[in-house]
Amino acid sequence: MRVIIHENEKKIGTWLGDYIAACINEFNPTANKPFVLGLATGSSPITTYARLIEIHKEGRLSFEHIITFNMDEYVDLPQDHPESYYSFMWKHLFNHVNIKKENVHIPNGNAKDLTAECLAYEAAIQKAGGVHFFLGGIGVDGHLAFNEPGTSLSSRTHIQKLNYETRLVNSRFFNNDINQVPKEAMSVGVATVMDSKEVALIVTGHNKARALHKVVEGSVSQMWTASALQMHPSAMIVCDENACSELKVGTYRYFKEMES
Ligand code: GLP
């Protein structure tokens with residue numbers, strides 16, 4: 001697993017946006033051979049999305065033959081709620097690029113039969129041929145997508161109960177009122193992410209330092225689900241200096257040197 005350390009979020013966005021655009025262009029997607037991109041919400045990917053939009057506007061990246069699958073969505077939050085992940089994705093990326101609406105997949109947390117929706121979501125990923133590149137972030141408790149501590153590392157798309165810490169952290173988007181934060185989410189599983197050909201997770205800020213330490217220096221564990229990435233053949237963590245504050249000096253220097 002690569003650990004790539006940048007100075008700040010802006011630099012991460014530029015680097016990762018360029019990297020993803022290069023992957024897509026090298027793949028050279030067509031109608032018969034679309035590129036399948038896994039995407040995430042949260043503050044972490046915003047600078048990367050901004051960079052992808054910039055590259056698109058410069059005419060160097062088309063979304064015409066890109067199929068997307070988002071990692072997660074709240075359960076029972078109206079789709080048009082400003083904090084739904086559906087709203088987030090259209091606001092921060094899809095409205096600004098030439099993606100086809102039918103190529104966008106976001107779990108439907110309002111489906112009547114949520115179990116069937118989970119199975120259908122997993123099947124749709126399979127039908128698309130699997131994810132070529134999954135972009136994600138992590139929670140302060142080390143969750144990957146919404147796979148909270150204790151979730152099986154072989155999990156697939158499922159309904160996930162959100163823990164107190166996650167709801168408290170996410171209450172910043174809900175008027176700082178934890179009672180307004182949905183209690184459940186639909187999330188791809190750890191194994192769903194692990195199946196993708198390449199994965200990149202963005203980790204920024206002091207509040208993610210403990211999680212980064214556990215995910216990079218700890219063992220693979222269901223208690224820090226993003227640690228499963230250590231078993232992925234082509235994974236990278238792209239982080240900022242602040243997130244590195246709990247890494248051993250030796251670990252920090254090692255990855256700085258490896259990526260220089
Ligand atoms: C939510 C999402 C995760 C995301 C995490 C981090 O919990 N389900 O996919 O990685 O938030 O969010 P942020 O980037 O805002 O710190």
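Going by the structure above, here's the rest.
Please read all numbers here as calculations on a predicted model, not as lab measurements. (Residues numbered from 1 in each chain as written. Predicted model: local features only at pLDDT ≥ 70, side-chain atom pairs only at ≥ 80, totals over all residues. Heavy atoms only, no water.)

1. Structural notes on the pattern of salt bridges
- One pass over the full model with this rule turns up 8 salt bridges.
- Across the pair Lys11 and Glu7 runs a salt bridge whose closest N-O atoms are separated by 2.8 Å.
- On the accessibility criterion, Lys11 (40% relative accessible area) is partly exposed.
- By relative accessible area, Glu7 is classed as exposed at 52%. (Salt bridge = Lys/Arg side-chain N within 4 Å of Asp/Glu carboxyl O. Buried < 20%, exposed > 50% of the residue type's maximum accessible area, 1.4 Å probe, protein only.)

2. Let's talk about the nonpolar core
- Core analysis: the largest hydrophobic core is formed by 35 residues, its most contacted members being Met71, Leu144, Val188, Leu212 and Cys239.
- When residues of this core are traced back to their parent elements, those giving at least two are β1 (2-6), β3 (66-70), α4 (114-127), α6 (190-194), β9 (198-203), α7 (209-217) and β10 (235-240).
- Ranked by the residues each element gives to this core, the list is headed by α7, at 4 residues.
- Not counting residues up to four positions away in its chain, the partners in contact with Met71 are Leu39, Ala40, Pro107, Phe134, Leu135, Gly136, Leu144, Ala145, Met186, Ser187, Val188 and Val193. (Core = buried A, V, L, I, M, F, W, Y, C linked by side-chain atoms within 4.5 Å. Helix = DSSP H or I, 4+ residues; strand = E, 2+ residues; numbered from the N terminus. Contact = heavy atoms within 4.5 Å.)

3. Brief notes about the sheet that holds β9
- Strand order across the open sheet formed by 7 strands is β1-β10-β9-β6-β2-β3-β5, with parallel pairing between neighbours. Only two strands of the sheet have a single partner each, and these edge strands are β1 and β5 (104-105).
- In this sheet, β10 lies alongside β9 in parallel orientation, the contact comprising 5 bridges. If you follow Val199 over to β10, its bridge partner there is Ala235. (Pairing = 2+ DSSP bridges.)

4. What about the site of the ligand?
- Neighbouring the ligand are 13 residues, the closest being Ser43, Ser44, Asp72, His143 and Lys208.
- Take Gly137: an N or O atom from its main chain is 3.4 Å from an oxygen atom of the ligand.
- Coverage of the ligand by the protein chains reaches 94% of its 390 Å² of free accessible surface.
- Tallied by class, the residues present in the shell around the ligand amount to 4 nonpolar, 6 polar and 3 charged. (Near = heavy atom within 4 Å. Polar contact = N/O pair within 3.5 Å; in protein donor to acceptor, adjacent residues only side chain to side chain. Areas by Shrake-Rupley, 256 points an atom, 1.4 Å probe, with all protein chains shown as cover. Nonpolar A, V, L, I, M, F, W, Y, C, P; charged D, E, K, R; others polar.)

5. Quick notes on the packing of aromatic side chains
- One pass over the structure, following the stated rule, counts 11 aromatic pairs.
- Between the aromatic rings of Tyr19 and Phe133, the centroid separation amounts to 6.0 Å while the plane-to-plane angle is 50°, which identifies the pairing as tilted. Residue Tyr19 is found in helix α1 (residues 9-27), and its partner Phe133 is found in strand β6 (residues 133-137); the two are separated by 114 residues along the sequence.
- Overall, Phe133 belongs to the buried group, its relative accessible area being 1%.
- Taking the centre distance of 5.7 Å and the plane angle of 80° together, the rings of Phe69 and Tyr121 count as edge-to-face. Of this pair, Phe69 sits in strand β3 while Tyr121 sits in helix α4, and the two are 52 residues apart along the sequence.
- By relative accessible area, which is 0% here, Phe69 ends up buried.
- Residue classification places Tyr121 among the buried positions, given a relative accessible area of 5%. (Phe/Tyr/Trp six-rings, centres within 6.5 Å; stacked < 30°, edge-to-face > 60°.)

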